[in-house]
Number of protein chains: 2
Amino acid sequence: MRINKERLKNSMLEIGNIGKDPTGGITRLAFSPEYNIAARRLSQMMEAAGLEVKQDRLGSVFGRRYGEDDTLPVIMFGSHLDTVKNGGFFDGLLGIMAGLEIINTLNDLGRTTKYPLELVAFNAEEGSEMGGTFASRVMAGLISPDDQYLQEHLPEYNLRPEDLAAARRDLNEIKAFIEVHIEQGTVLESEQIPIGIVNGIAGITRYKVIITGEANHSGTTPMRLRKDALITAAKLILKIEDIAVELGEPFVATIGTLEIKPGAVNVIPGEVELIIELRDLDQHKIETAGEKITSYINQLSKDIQIEKIVNKTPVKTDPGMANIIETACKKLEIPGRKILSGAGHDAKEIARKVPTGMIFVPSIAGKSHCPEEKTSWEDIYLGTEVLLETILSI
Amino acid sequence: MRINKERLKNSMLEIGNIGKDPTGGITRLAFSPEYNIAARRLSQMMEAAGLEVKQDRLGSVFGRRYGEDDTLPVIMFGSHLDTVKNGGFFDGLLGIMAGLEIINTLNDLGRTTKYPLELVAFNAEEGSEMGGTFASRVMAGLISPDDQYLQEHLPEYNLRPEDLAAARRDLNEIKAFIEVHIEQGTVLESEQIPIGIVNGIAGITRYKVIITGEANHSGTTPMRLRKDALITAAKLILKIEDIAVELGEPFVATIGTLEIKPGAVNVIPGEVELIIELRDLDQHKIETAGEKITSYINQLSKDIQIEKIVNKTPVKTDPGMANIIETACKKLEIPGRKILSGAGHDAKEIARKVPTGMIFVPSIAGKSHCPEEKTSWEDIYLGTEVLLETILSI
């Protein structure tokens, strides 16, 4: 291998442990102090690798390396620096540090690529009030400055509409985008193949649901007179599972947050707010699920509001890029296979506008977004070597 | 009437609006700044009424009025000053301010009672980490200083075991206890009777349940491989409702709090913690429900822990006291009826050790623990007048 394994591992440990929880997970939430510390340190490491570094107002870090013809558009690669709450070490981090490693490897080799290179660490890829893949969508011009929901939430992160405009890039300046990422599933591990060449990424739709009941004293309201919002929520949760199973794989539906108001042991739940997330590679199946859920809600109670807050359609990655990655694997004699991604990624958003490729490495037991998230260092080295070869081949 | 309606209403408004939420509810949580402000102002009003006022380390306020024979034990009356989150105006407050009004009325009339009188405003009657009716249980010696659960939570309220010992009273000093309270149910309103003479108070058992699932990325874990703690919780919520309906009135079961970990839109719930509350006038029915729930949990999953955190048995109030209240109603020609209480009260705890009576007034639409909680001022005046007559009759 041409990459320096030790250097890659050390740089991952240095940035990846910022935000480590006492329980062993990583909490480096978008816009948090931990995120900012990591972005600062990463900028220093990128500068040390000779990159011209800029951080935009959304907190994403960009580092540019000159090309043989510096007037050509850049080949961009990287991933996201933020994590979920008590999440894993590798998610997002890998794509950034693999990118930094290949910059350092090119420096070691004294190689200049034809196109300039640009390493990126995006902010706010994980689900937040902004809906996930926030910074990459802004960069790719995929967010309307008129988006009402977003405008309402910008002040929570001390952002103004002008900041979004400033973070948008002219996509003619980007030749291609490549992201290395952990699979977050079990396909590669079960087939013992170290490289996945992503050819499609699932769409994500999220609904906010507010169920209104009647808050009342728990000791004096007979069961028959109650309007308990949590019992209605329980019915909805089970129905959504039924709908998901019935639609069949790869469709998935998840309720990951649920809040009760007022939320006291001796008060009947007067309101429940929850978020339903639907994912599939087929937008039609997501819409069918949305209709089934809405229809069930209408028959369950008239006191339920449902609002679509996120709607990101599925995306196919660029076939040309997939071929280049496949050829790189063959040349390096590293086994690879085409794969679909169930998770959303920055690459998915960018793929709508720029030829995009994505390289997966195996997740042990498929675990992700949790402290147990793990990928073997050997697979990380292989994935990084494939990234290097891919970039040299463009 | 002998009481001063205007003075009673004004004093209720003065104390009762402390902790008012923007939404119209009252949040005067135990041990909160709002509670402390209310306790301070109440102490001043009690001193102005000529009482000898003391506040104990738990935050309860006591005010003593001399008797004809000041060596006799006191007749104690009052209720609690704390509220639930976004709760109602009348719950607790009424019993305290009715008590203050009769002190002022006795002052107006120049009357001294045979026994000394003592007005009390208890802290922490509502559900908290302490399990509800905290201060009254401590006063009555119903809390063991060795209680492990309690000891663990004392520091959260800046309390030490010595403070509990100091707040305990010699019950030989208390001749009787009387509490005026809103019904928090619909019996009196539906029968248009202004006074309820309580002859029994429901027992309360609470269980803490922790359901362990597997936190994982929502986009990459197929439905068939998930261990979603929220889906298990939903099954349990619906089963508990079934059990409650089957056991029949007045049995009620409530899940008022539920927390998901990690609680992110794109992570499968890895843990759910919830609290189940069971109430009935028959301890045997509460135990039967507990067994049915435990048995269902055992068949549902081996990854559910259930722990009983509160177990307060039902109590019958003192028949002698009930007769005195009934006689007072007859003498005043105010309609009254015997009634059972579904809610826990300070009086319920004290009744285990001291002859205790309880006077209910109607709740409009039975609403309580919510901003809509309401009782007509006319019924409040009637309840206070009955309290005055009861105390004069002992």
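That block above? That's the structure.
All of the points below concern the structure found in this document. (Residues numbered from 1 in each chain as written. Chains lettered and ligands numbered in written order. Predicted model: local features only at pLDDT ≥ 70, side-chain atom pairs only at ≥ 80, totals over all residues.)

1. Quick look at the overall build of chain A
Quick reminder of the rule: Put simply, DSSP marks the helices as runs of H or I at least four residues long and the strands as runs of E at least two long, and each gets a number from the N terminus on. Between the buried cut of 20 or more and the exposed cut of 12 or fewer other C-beta atoms within 10 Å of a residue's own C-beta lies the partly exposed class, and all C-beta atoms are placed from the backbone. Throughout, a residue-residue contact means that the two C-beta atoms, derived from backbone geometry, are no farther apart than 7 Å.
Counting its regular elements, chain A contains 12 helices and 12 strands. The burial tally for chain A puts 56% of its 394 residues in the buried class. Restricting the contact set of chain A to residue pairs at least 6 apart, pairs at least 24 apart contribute 78%.

2. Some thoughts on the pairing of strand 7 (residues 203–212) of chain A
Residue and element names in this part refer to chain A. Convention followed: One bridge is not enough; two strands pair if DSSP finds at least two bridges between them.
Taken across its 10 residues, strand 7 has seven buried, putting it largely inside the fold. Summarising the sheet, strand 7 and strand 9 (residues 271–280) pair through 10 bridges and their orientation is antiparallel. Each residue of the ladder has a partner; that of G203, found in strand 9, is D280. With eight bridges joining them, strand 7 and strand 10 (residues 304–312) adopt antiparallel strand pairing. Looking at strand 10, one finds that Y207 is bridged to K308.

3. Let's talk about the relation of the copies chain B and chain A
Spelled out, the test is: For the least-squares superposition of copies, only C-alpha atoms count, and only for residues with pLDDT at least 70 in both.
Between chain B and chain A, the superposition needs a rotation of 180 degrees and an axial shift of 0.0 Å, giving an RMSD of 0.0 Å. The relationship between the two copies is best expressed as a two-fold rotation axis. Identified as the residue of chain B closest to the rotation axis by C-alpha distance is A234 of chain B, at 2.2 Å. When the interface residues of chain B are mapped onto chain A, 100% of them again fall at the interface, so both copies present the same face.

4. Concerning the nonpolar core
A general feature of soluble globular proteins is that nonpolar side chains tend to end up buried together. All names here are of chain A. As a reminder of what qualifies: A set of buried Ala, Val, Leu, Ile, Met, Phe, Trp, Tyr and Cys residues, joined to one another through C-beta atoms within 7 Å, is what we call a nonpolar core.
Membership of the largest hydrophobic core comes to 87 residues, with the highest contact counts inside it found for M97, F177, I325, I359 and L387. Counting residues per element, this core draws most heavily on helix 3 (residues 93–109), at nine residues. Among residues more than four places away in sequence, those in contact with F177 are M76, F77, A347, I350, V354 and T356.

5. Brief notes about the packing of helix 3 of chain A against helix 12 (residues 377–393) of chain A
Residue and element names in this part refer to chain A. The condition is simple: Helix axes are fitted to C-alpha atoms over the stretch in contact, other axes to C-alpha atoms as well, and angles between N-to-C directions run from 0 to 180 degrees. Comment on the angle field: the value is read as roughly parallel under 35 degrees, roughly antiparallel over 145, roughly perpendicular from 65 to 115, and oblique elsewhere. We call a crossing left-handed when the near helix sits turned anticlockwise from the far one by less than a right angle, and right-handed when that turn is clockwise.
The N-to-C vectors of helix 3 and helix 12 enclose an angle of 60 degrees; their axes lie 9 Å apart at closest approach. Taken together, helix 3 and helix 12 sit at an angle that is classed as oblique. Crossing geometry of helix 3 relative to helix 12 is assigned as right-handed. Mapping the contact onto sequence places L94, A98, E101, I102 and T105 in helix 3 and I380, G383, T384, L387, L388 and I391 in helix 12.

6. Let's talk about the sheet that holds strand 4 (residues 117–122) of chain B
Residue and element names in this part refer to chain B. Reading across the sheet, the eight strands line up as 1-2-4-3-5-12-6-11 and stay open at both edges, with mixed pairing between neighbours. Pairing within the sheet leaves two strands with one partner each, and these edge strands are strand 1 (52–55) and strand 11 (336–341). In this sheet, adjacent strand axes meet at a mean angle of 25 degrees when their direction is disregarded. Where strand 6 (residues 195–201) and strand 11 come together, six bridges link them in parallel fashion. Along strand 11, the bridge assignment pairs I195 with G336. Across the face of the sheet, helix 10 (residues 319–332) comes into contact with strand 5 (174–182), strand 6, strand 11 and strand 12 (356–361) while running at roughly 40 degrees to strand 12. Together, strand 3 (74–80), strand 4, strand 5, strand 6 and strand 12 form the strand contacts of helix 12 (residues 377–393), whose direction differs from that of strand 12 by roughly 160 degrees.

7. Brief notes about the sheet that holds strand 2 (residues 61–65) of chain A
Pairing between the strands of a sheet comes from backbone hydrogen bonds, and it takes one of two forms, parallel or antiparallel. Residues and elements named next belong to chain A. The strand order across the open sheet formed by eight strands is 1-2-4-3-5-12-6-11, and the pairing between neighbours is mixed. Strands at the two margins of the open sheet, each flanked by one partner only, are strand 1 (52–55) and strand 11 (336–341). Recorded for the sheet is a direction-independent mean angle of 25 degrees between the axes of neighbouring strands. Here six bridges tie strand 5 (residues 174–182) to strand 12 (residues 356–361), and the two strands are oriented parallel to one another. Looking at the pairing, I182 lines up with V361 of strand 12.

8. A few points about the environment of N123 of chain A
Residues and elements named next belong to chain A. In this structure, N123 sits in the loop between strand 4 (117–122) and helix 4 (134–139). Taking the C-alpha atoms as reference points, N123 and H80, 43 residues apart in sequence, are found 5.8 Å from one another. With sequence-adjacent residues up to four places away left out, N123 is seen in contact with A30, Y35, L58, G59, S60, L81, D82 and A135.

9. Concerning the interface of chain B and chain A
Rules: Each residue is assigned to one of three groups, with Ala, Val, Leu, Ile, Met, Phe, Trp, Tyr, Cys and Pro labelled nonpolar, Asp, Glu, Lys and Arg labelled charged, and all others, Gly among them, labelled polar.
Each side of the interface is counted separately: chain B has 56 residues, and chain A has 56 residues. Broken down by secondary-structure element, the contributors of at least two residues to the side of chain B that touches chain A are helix 8 (229–247), strand 8 (252–261) and strand 9 (271–280) of chain B. Top contributing element to the side of chain B that touches chain A by residue count: helix 8 of chain B, with nine residues. Looking at side-chain class alone, the side of chain B that touches chain A contains 26 nonpolar, 21 polar and nine charged residues.

10. Focus on the pairing of strand 1 of chain A
Residues and elements named next belong to chain A. Pairing geometry for strand 1 and strand 2, over four bridges, is antiparallel. Looking at strand 2, one finds that Q55 is bridged to V61. Hairpin connection, strand 1 to strand 2: the antiparallel pair is bridged by five residues, and G59 has positive phi, about 100 degrees.

11. Some points on helix 1 (residues 5–16) of chain B
All names here are of chain B. What counts here: In this analysis, the expected span of each helix is defined as 1.5 Å times one less than the number of residues it contains. Taking the helix axis as origin, the arc is that swept by the directions to the C-beta atoms.
Look at helix 1: 16 Å from first C-alpha to last across 12 residues, which is about the 16 Å you get at 1.5 Å a residue. Turning to helix 1, its buried residues number three or more, namely L8, S11, M12, I15 and G16. Each buried residue of helix 1 sits inside an arc of 115 degrees when the element is viewed along its axis, so together they form one side. Turned more than 90 degrees from where helix 1 packs its buried face, E6, N10 and L13 sit exposed. Taken together, the buried residues of helix 1 touch helix 2 (33–48), helix 3 (93–109) and helix 12.

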